[in-house]
Amino acid sequence: MGGPMPNGAIVLIVISAIVFAVIGFILGNLYRRKVAESKIGSANEEALRIVNQAVQTAESKKKESILEAKDEIHKLRSEADKEIRERRAEVQRQEKRIDQKEEALDKRSANIERKEETLSEKVKAADEKLEELDKLKKSQLDILEKVSGFTKEEAKAMIISELEESLEHEKAIRIRSYEQQLKDDSDKLAREIITSSIQRCAADHTSEITVTSVTLPNDDMKGRIIGREGRNIRTIEQITGVDLIIDDTPETITVSSFDPVRREIARLTLEKLIQDGRIHPARIEEMYEKSKREVEKEIKTAGERAALDAGVNGLHPEIIKLLGKLKYRTSYGQNVLNHSLEVSHLCGLMAEELGADVKTAKRAGLLHDIGKALDREFEGTHIELGVEVAKKYKEREEVVHAIAAHHGDIEAKTIVAVLVQAADAVSAARPGARREDIQNYIKRLEKLEEIATSFEGVEKSYAIQAGREVRIIVDPVKISDEKMVLVAHDIAKKIEDELEYPGQIKVHIVRENRAVDFAK
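Just so you know, these numbers come straight off a predicted model, no measurement behind them. (Residues numbered from 1 in each chain as written. Predicted model: local features only at pLDDT ≥ 70, side-chain atom pairs only at ≥ 80, totals over all residues. Heavy atoms only, no water.)

Chemist: Any chance you could break down the environment of Asp220 for me, citing the residues and the numbers?
Modeler: Position of Asp220 relative to the elements: it lies in helix α3 (residues 220-226). For the pair Asp220 and Glu251, spaced 31 residues apart in the sequence, the C-alpha separation amounts to 8.6 Å. (Helix = DSSP H or I, 4+ residues; strand = E, 2+ residues; numbered from the N terminus.)

Chemist: Give a description of the pairing of strand β3 (residues 252-256) that names residues and reports values.
Modeler: Judged by how many residues are buried, β3 sits mostly within the fold: five of five residues are covered. Burial of β3 is two-sided: the residues Thr252, Thr254 and Ser256 facing one way and the residues Ile253 and Val255 facing the other way are all buried. Relative to β3, strand β2 (residues 243-245) runs antiparallel, the two being bridged by three bridges. Residue pairing across strands places Asp243 opposite Ser256, the latter belonging to β3. (Buried < 20%, exposed > 50% of the residue type's maximum accessible area, 1.4 Å probe, protein only. Pairing = 2+ DSSP bridges.)

Chemist: Could you give an account of the packing of helix α10 (residues 382-392) against helix α11 (residues 397-405), naming the residues involved and the relevant values?
Modeler: At a closest axis distance of 8 Å, the pairing of α10 and α11 adopts a crossing angle of 175°. Comparing their axes, α11 and α10 come out roughly antiparallel. On α11, the residues that touch Ile383, Gly386, Val387, Ala390 and Lys391 of α10 are Val400, Ile403 and Ala404. Among the residues forming the contact of α10 with α11, the class breakdown is six nonpolar, one polar and one charged. (Axes fitted to C-alpha atoms, helices over the stretch in contact; angles between N-to-C directions. Parallel < 35°, antiparallel > 145°, perpendicular 65-115°, else oblique. Contact = heavy atoms within 4.5 Å. Nonpolar A, V, L, I, M, F, W, Y, C, P; charged D, E, K, R; others polar.)

Chemist: Could you give an account of the nonpolar core, naming the residues involved and the relevant values?
Modeler: Counting 41 residues, the largest nonpolar core has Leu315, Ile319, Leu323, Leu326, Cys347, Leu366 and Leu367 as the members making the most contacts within it. For this core, the secondary-structure elements that each account for two or more residues are α6 (281-310), α7 (317-325), α8 (336-354), α9 (358-367), α10, α11 and α12 (415-429). Residue contributions to this core peak at seven residues, all from α8. In contact with Ile319, other than residues within four places in its own chain, are Leu367, Ile370, Val389, Tyr393 and Glu395. If you look at the next biggest cluster of nonpolar residues, it comprises 19 residues, including Val470, Ile491, Ile505 and Ile509. (Core = buried A, V, L, I, M, F, W, Y, C linked by side-chain atoms within 4.5 Å.)

Chemist: Kindly report on the sheet that holds strand β8 (residues 506-511), identifying the contributing residues and their values.
Modeler: Strand order in this open sheet of three strands is β6-β7-β8, and the pairing throughout is mixed. Two strands bound the open sheet, and with one partner strand each, they are β6 (458-464) and β8. Averaged over all pairs of adjacent strands, the angle between their axes in this sheet comes to 20°, without regard to strand direction. When strand β7 (residues 469-474) meets β8, the two strands line up parallel, connected through six bridges.

Chemist: How would you explain the confidence of the model for the protein chain if you had to name every residue and give the values?
Modeler: Of all residues in the protein chain, 87% have pLDDT values of 70 or greater, and the mean over the chain is 81. Predicted confidence is poor over residues 200-209, with pLDDT under 50, and the contacts of this stretch with residues over four places away or in other chains come to 23 contacts. In the model, residues 431-437 has pLDDT below 50 throughout and makes 25 contacts with residues more than four positions away in sequence or in other chains. (pLDDT = per-residue confidence, 0-100.)

Chemist: Go over helix α4 (residues 231-240), please, and point to the residues and values.
Modeler: Listing the buried residues of α4 in full gives Asn232, Ile233, Thr235, Ile236 and Thr240. Taken down its axis, α4 places every buried residue within 160° of arc, on the same side. Where α4 is buried, its residues contact α3, β2, α5 (260-276) and α6. Immediately downstream of α4, the backbone of Gly241 shows phi near 75°, a positive value. (Arc of directions from axis to C-beta.)

Chemist: Summarise a negative patch on the surface; cite the residues concerned and give the values.
Modeler: On the surface, Glu64, Glu68, Asp71, Glu72 and Glu79 cluster together into a patch of negative charge. With respect to the helices and strands, Glu64 occurs in helix α1 (residues 7-148). (Patch = residues over 30% accessible without salt bridge, like charges linked within 9 Å, V, L, I, M, F, W, Y side chains within 5 Å. Areas by Shrake-Rupley, 256 points an atom, 1.4 Å probe, with all protein chains shown as cover. Salt bridge = Lys/Arg side-chain N within 4 Å of Asp/Glu carboxyl O. Lys, Arg positive; Asp, Glu negative; His and termini not counted. Charge placed at Lys NZ, Arg CZ, Asp CG, Glu CD.)

Chemist: Mind laying out the pattern of salt bridges, listing which residues take part and the relevant values?
Modeler: Scanning the entire structure with this criterion turns up 18 salt bridges. With its nearest N and O atoms 3.6 Å apart, the salt bridge here joins Glu352 to Lys443. Note that Glu352 is positioned in helix α8 and Lys443 in helix α13 (residues 438-453), a separation of 91 residues in sequence. By relative accessible area, Glu352 is classed as partly exposed at 35%. Several salt bridges share partner residues, and in doing so they unite Asp276, Arg278, Arg283 and Glu286 into one network.

Chemist: Requested: an account of the side chain of Arg363, with residues and values cited.
Modeler: Within the element layout of this structure, Arg363 appears in helix α9. If we ignore the near neighbours within four places in the chain, the residues touching Arg363 are Val312, Asn313, Gly314, Leu315, Glu395, Arg396 and Val399.

Now the structure itself:
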C-alpha cells in the first residue's frame, strides 16, 4: 500500500490539474470581460449625457447670440436712420439758405442795375449842364471884353503890372529886413553850433559785461529750470547758445554769453518761462521763438529810431537791422549805438560849420562802426566788415572811404572822412559828447508851422505835443465848413511831401465865428 504510485495515476493527476487551470483561466477571462463591458456601457451613457448637455448649451448660446445680434442690428439701423434724417434736414436747411442768398443777390443785382441807370442819367445831365455853363461863361467873357475894351490876357497883364508896381517898394523893405534878420540868426546859430560841438554833455554808459542776471520768485524754481536729469537746462543752453550758471546765489540765475543778442533772447525766454510756470523742452522752444521774434522786432525798431535821430534816410533794411544790433553791443564802456549817434551828430555839426555836406557826414558818422554788429560772427576787423557791408548795400563812395579811414588804417582823402575821425576821437575820449541835436527838433517844428501858414485863409498855426499835432486857426470868411476838409487834406499832403518826422502828425483845423456888441 505504501509503495510508489503508478505512472498512469501521475499523468492523470497532471492532466486534471492542467484542465482545471485552463477552465479557471477561461472563467476568469469571462468575468473580466463582463466587468469591462459593464464599465464601457456606463461610460457610453455618461458620454451620451455630456454630449446631450453640450448640445443643449450650444443651442441656448446660439439663441442668445442671435438675439443680441438682432438687437445690435436694430440699434445700428435706428442710429443710421436718425443720422440720415438729420443729414436730410441739414441739406434742406442749406438749400433753403442758398435759395435765400440767391434771392438776395438777385435783388441786389437789380438794385445795382437801377442805380447804374440813375447814375448814368445824372452824369448825362451833369455833362449837359457843364456844356451850358461853358457856353454861358464864354458869352459873359465876350460881353466883358467888349465893354472893357481889353482881351482876357490884356486885362490880366494890366492887373499884374499894377500889383507889381504897388508891391515893389514894400517887397524891397521886407527883403532888407529879412536879410538882416537872417544874418543875425546865422551868427547866433554859428556860435551855438561851435559851442555844442565842444561841450561836455551827459550820456548813458554801459559796462562791458558778458553776463546777465535773472531774478527768480523762489529757489524752488531753480530745480524746475534744471529739470529731471538736467533736461530743461540742457535744452535751454542748446537752443539759446548761452551758458546758465545756477549756484548758491539766492533766487538768481546768471546767463553767460559773449553774444549780447543771444544773452538778451535767453533772458527773455527765462522770464517768460518763469512767468508761465510750465517748463519743459517743447515749452522752452516755443518761448525761445517768441523771445527771438521780440528781440528781432526791437532790433529793427532801434535801428529805425537811430536813423531817425541822426536824420539819415534811405538806409537799406539790412543796414537798419545791423544798426539795431549795436544797441546790445558795447565797446570800451560805451554803447556802440549811442556812440555812433554821437559821432553822427558831431559830424553833422562840424560839417555845417565848415560848409561841407551835412547829410553825407551824418551818414558816415552813423555807419562808421557798423562792422561791430558782425565782428563776433565773422572773421575780420570791424573796419573790414563795415566796408564790406557798405559796399554790399550800395553806399556812396564817400561813406565807404570814411568807414575805412576812421581809425587811420588808410589816409583820409575827403573832408567827411576827416570829420568822422575827429568825431570818433571826441566821442571815445569824452563819452558825454552831445547825443541829441535840439536844433533839428526846433527846425522841424518851425517848418511844420510854416507849411500850415502857407495856405490861403490860415491865420495862425501852432505845433503842439512835441510836433505830433499842428493846430490851425482859419479865417471863417475865407474858409467854409466844407472847405475845411479840403484844406486839412492839402496841408497833410504837403507835410508828407516836404517834412521828415517820426510817427504821424495830426492836422487840427479850428474855424470860429464871433459876434461882439455893446449895450449902452
